[in-house]
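Descriptive analysis of the structure
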Amino acid sequence: MTTATLSIDLDAIAANWRALDRASSSGVQTAAVVKADGYGLGITRVARALAQAGARRFFVALAEEGAALRQAIGPGPQICILSGHMAGDTEMVHDLDLTPMLNALDQVTRHLEALPGLPFGVQLDTGMNRLGMEEAEWEAVAPFVLEAGPELIMSHLACADEPDHALNDLQLATFHAMTDGTGVPRSLAATGGILLGPKYHFDLTRPGIGLYGGRPYEGATRVVGLSLPVIQTRIVQPGEAVGYGCSWTAEAPTMIATLSGGYADGLLRSLSNNAVLWDGDTPCPLVGRVSMDLITVDISHLSYVPRSLDILGPHQTVDDLADIAGTIGYEILTSLSQRYTRRYQEGGT
């Protein structure tokens, strides 16, 4: 096969959820964030594995993602929509039993007028300046919103992956000031917030990246592997260049392997001349530029031509690759191409 293989360990995702559930305070519900197609790994299989592990509340970004999730897991578990109740969402929210997190007055008005009595939550802005109602807006609408019975009040930490950042405590204090005494279940912590400790946990935690093996959850079980097949090899002579722009030139006779995978598959161009691939325990440097469908790797030190090389695996996590590319593990995960053959591992198979 010319197609690269993306291995996804569903048991590892379930194990990471259970570990973060244990890390959440006693009596706190642990949800699961599966937006962006389960962080690029396939929402259907990922969500089913998390539901089997015990997750009963899920978060997605958009109502359309909620529709796909409902189809995957069926009735029962709650599906929360972080973008809230947008124009055009009403039928999906009603028919598929979705719970929008209302972010602004127009969403509050839309939901309470179109779907009175149906579940909703509220998202507050405590300092991230992204989604949610700010203090003045919340103060104005809180009396009639609380009377309508929200299922959850939530906010989101901007710097939870930096435990010493001053904004963490400031957001915590602001969240208390905006929500104490409401009598409504509350949520502030995603993965980083869970790791900050119990005072951030409130009634519900929402792990996301930690489920998929990424920072800041250093104790996560590895979830993904990515193996790229070798299409062709050639000897490049001293002085000859490899790839677009002649950005790498051989200084000695060099065995170059051309592999299937490129920036169309989520292998960022910033990996050019920087990344390492692996043949088992042996590193092999990526040389030349990453192109749309292909990369080139120096395998001169190997005694044979491998069928494939790993760019994600035991020796290189999504965060390791992100460090090389100058980005974050989230971007590596969610950029993984649909061209990859996805091989799910579950129950030891």
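Structure's up top.
In this text, all values refer to a predicted model and were calculated from it rather than measured experimentally. (Residues numbered from 1 in each chain as written. Predicted model: local features only at pLDDT ≥ 70, side-chain atom pairs only at ≥ 80, totals over all residues. Heavy atoms only, no water.)

**Some details on the sheet that holds strand β5 (residues 78–81)**
Judged by pairing direction, the sheet is parallel, and its 7 strands sit side by side in the order β3-β4-β5-β6-β7-β8-β9 without closing on themselves. For this open sheet the edge positions go to β3 (32–33) and β9 (186–187), each flanked by a neighbour on one side alone. One ladder, built from 2 bridges, connects β3 with strand β4 (residues 57–60); its direction is parallel. Among the inter-strand pairings, Val33 is bridged to a residue of β4, identified as Phe59. (Pairing = 2+ DSSP bridges. Helix = DSSP H or I, 4+ residues; strand = E, 2+ residues; numbered from the N terminus.)

**Here we look at the layout of surface pockets**
Considered as a void within the structure, the largest pocket measures approximately 760 Å³ in volume. Forming the walls of the largest pocket are 35 residues, and the residues nearest its centre are His156, Leu157, Ala190, Ile209 and Tyr330. Broken down by secondary-structure element, the contributors of at least two residues to the lining of the largest pocket are α2 (35–39), α9 (191–196), α10 (318–325) and α11 (329–334). Each residue belonging to the lining of the largest pocket can be placed in one class, and the counts come to 19 nonpolar, 9 polar and 7 charged. Within this model, the second largest pocket holds a volume of roughly 390 Å³. What lines the second largest pocket is a set of 21 residues, and nearest its centre among them are Thr5, Ser7, Ser227, Ser308 and Arg343. Every element with two or more residues in the lining of the second largest pocket is listed here: β1 (5–9), β11 (224–236), β18 (308–312) and β19 (341–345). Considering every element that reaches the lining of the second largest pocket, the biggest residue donor is β11, with 5 residues. The residue makeup of the lining of the second largest pocket, split by class, is 8 nonpolar, 8 polar and 5 charged. (1 Å grid on protein atoms, 1.4 Å probe; cavity = no way out; pocket = protein on both sides within 12 Å on 5 of 7 lines; lining within 4 Å. Points joined across faces, edges and corners; volume = space filled by probe spheres on them. Nonpolar A, V, L, I, M, F, W, Y, C, P; charged D, E, K, R; others polar.)

**Structural notes on the pairing of strand β6 (residues 98–102)**
Taken across its 5 residues, β6 has 5 buried, putting it largely inside the fold. Here β6 shows no split at all, with Leu98, Pro100 and Leu102 on one side and Thr99 and Met101 on the other all buried. By the bridge criterion, 3 bridges tie β5 to β6 in an arrangement that is parallel. For Cys80, the partnering residue across the bridge sits in β6 and is Thr99. Between the parallel elements β5 and β6, the chain passes through helix α5 (residues 90–95) in a crossover that is right-handed. (Buried < 20%, exposed > 50% of the residue type's maximum accessible area, 1.4 Å probe, protein only. Right-handed = clockwise from strand over helix to strand, strands pointing away.)

**Some thoughts on unusual backbone geometry**
With an omega dihedral of 15 degrees, the bond running from Arg215 to Pro216 counts as a cis peptide bond. Relative to the elements of secondary structure, Pro216 occurs in the loop between β10 (204–205) and β11. A positive phi angle is found at Ala36, which is not glycine, with a value near 55 degrees. Its location among the elements puts Ala36 in helix α2. Although it is not a glycine, Asn273 sits at a positive phi angle of roughly 60 degrees. As for its position among the elements, Asn273 is in the loop between β14 (254–260) and β15 (276–279).

**Things to note about the pattern of salt bridges**
Under the defined criterion, the tally for this structure stands at 6 salt bridges. Glu346 is the partner of Arg45 in a salt bridge, and the nearest nitrogen-oxygen pair spans 3.7 Å. Residue Arg45 is found in helix α3 (residues 43–53), and its partner Glu346 is found in the segment after β19; the two are separated by 301 residues along the sequence. Given a relative accessible area of 33%, Arg45 falls into the partly exposed group. Under the relative-accessibility criterion, Glu346 is labelled partly exposed at 29%. Of the charged contacts, one joins Asp293 and Arg339 as a salt bridge, the two residues approaching to 2.8 Å between their closest N and O atoms. One end of the pair, Asp293, is in the loop between β16 (282–287) and β17 (294–298); the other, Arg339, is in the loop between α11 and β19, with 46 residues separating them in the sequence. Taking the relative accessible area as the measure of exposure, Asp293 reaches 31% and is therefore partly exposed. By relative accessible area, Arg339 is classed as partly exposed at 45%. Several salt bridges share partner residues, and in doing so they unite Asp265, Asp293 and Arg339 into one network. (Salt bridge = Lys/Arg side-chain N within 4 Å of Asp/Glu carboxyl O.)

These figures come from the coordinates and say nothing about function on their own.
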